[in-house]
Amino acid sequence: MDYFYIFILVVSTFSLGFDFFYNNSFNKGMIYSLSSQKQIPMKFVLSASLKTFLFVKILLIVAPLAFILIILLLQLRIAILYWISLFVCIFNGMYFIGYLYPKIKRMIHWDIKNPIHKWESLYKSYNQSSEILLIISLINFILILIAFLNESLKII
């Protein structure tokens, strides 16, 4: 069980780090890029985040589901704290794949000929969603860290 939480903690840490890095780079691109030239750096950031995020977020969904299946098959009893951390982990991945992933795909394939004010509203919408994902990732990381520390302290 410890190895599983170490694995989930590492994946959650990567997820939080990627969320934080791409949210910051996207915000800096919004601040420091001219309105007429935002398309290219934003598309670069989004396409880089898409390739990185997809693998990590799929791991955040598949690993807890596999662990839940193992728990149910072996009829193991775990505390509510562990269940909450597993479900928040799954929600973190589902939020990205179900909500943010289509937004990113839409922005990457958005035509450069569209007016700049449409770009601005699209960027602001993505930025708000990205900040929500960052908050979810932080909550996910904290819950998994607490669950791991709780399990570690019980052993000692």
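Residues numbered from 1 in each chain as written. Predicted model: local features only at pLDDT ≥ 70, side-chain atom pairs only at ≥ 80, totals over all residues. Heavy atoms only, no water.

Student: Break down the overall build of the protein for me, citing the residues and quoting the values.
Tutor: Along its length, the protein carries four helices and zero strands. Counting helices and strands in the order they occur from the N terminus, the protein gives α-α-α-α. Considering the protein as a whole, with its 156 residues, one finds that 44% of them fall into the buried category. For the protein, the accessible area works out to roughly 8,900 Å², and carbon and sulfur atoms hold 74% of it. (Helix = DSSP H or I, 4+ residues; strand = E, 2+ residues; numbered from the N terminus. Buried < 20%, exposed > 50% of the residue type's maximum accessible area, 1.4 Å probe, protein only. Areas by Shrake-Rupley, 256 points an atom, 1.4 Å probe, with all protein chains shown as cover.)

Student: Now, about the confidence of the model for the protein: what can you tell me, with residues and values included?
Tutor: A low pLDDT means the predicted coordinates there should not be read in detail. Chain-level pLDDT for the protein is 82 on average; 87% of the residues reach the 70-or-more range. Mean pLDDT across the elements of the protein bottoms out in helix 2 (residues 39-74) (81) and peaks in helix 3 (residues 80-108) (87). (pLDDT = per-residue confidence, 0-100.)

Student: Would you mind going over the nonpolar core in detail, with residue names and values included?
Tutor: Counting residues in hydrophobic clusters, the biggest one holds 22 residues, and the most contacted among them are Phe4, Tyr5, Ile8, Leu86 and Ile144. If sequence neighbours within four positions are ignored, Leu86 has contacts with Phe4, Tyr5, Pro64, Phe67, Ile68, Ile71 and Ile78. (Core = buried A, V, L, I, M, F, W, Y, C linked by side-chain atoms within 4.5 Å. Contact = heavy atoms within 4.5 Å.)

Student: Residues and numbers for the packing of aromatic side chains, please.
Tutor: Counted according to the given criterion, the structure contains twelve aromatic pairs. Relative to Phe53, the ring of Tyr22 lies with its centre 5.6 Å away and its plane at 65°, an arrangement referred to as edge-to-face. In this pair, Tyr22 sits in helix 1 (residues 2-32) while Phe53 sits in helix 2, placing the two residues 31 residues apart along the sequence. Using a relative accessible area of 11% as the deciding quantity, one classes Tyr22 as buried. Phe53 gets classed as buried once you look at its relative accessible area, which sits at 2%. Aromatic ring contacts, followed pair by pair, group Phe21, Tyr22, Phe53, Phe96 and Tyr101 into a single cluster. (Phe/Tyr/Trp six-rings, centres within 6.5 Å; stacked < 30°, edge-to-face > 60°.)

Student: Report on the side chain of Ser129, specifying residues and quantitative values.
Tutor: Relative to the helices and strands, Ser129 resides in helix 4 (residues 116-155). Engagement of the side chain of Ser129 in a polar contact is seen with the backbone oxygen of Ser125, the distance being 3.1 Å. With near-sequence residues (within four places) excluded, Ser129 lies in contact with Tyr95, Tyr99, Leu100 and Lys103. (Polar contact = N/O pair within 3.5 Å; in protein donor to acceptor, adjacent residues only side chain to side chain.)

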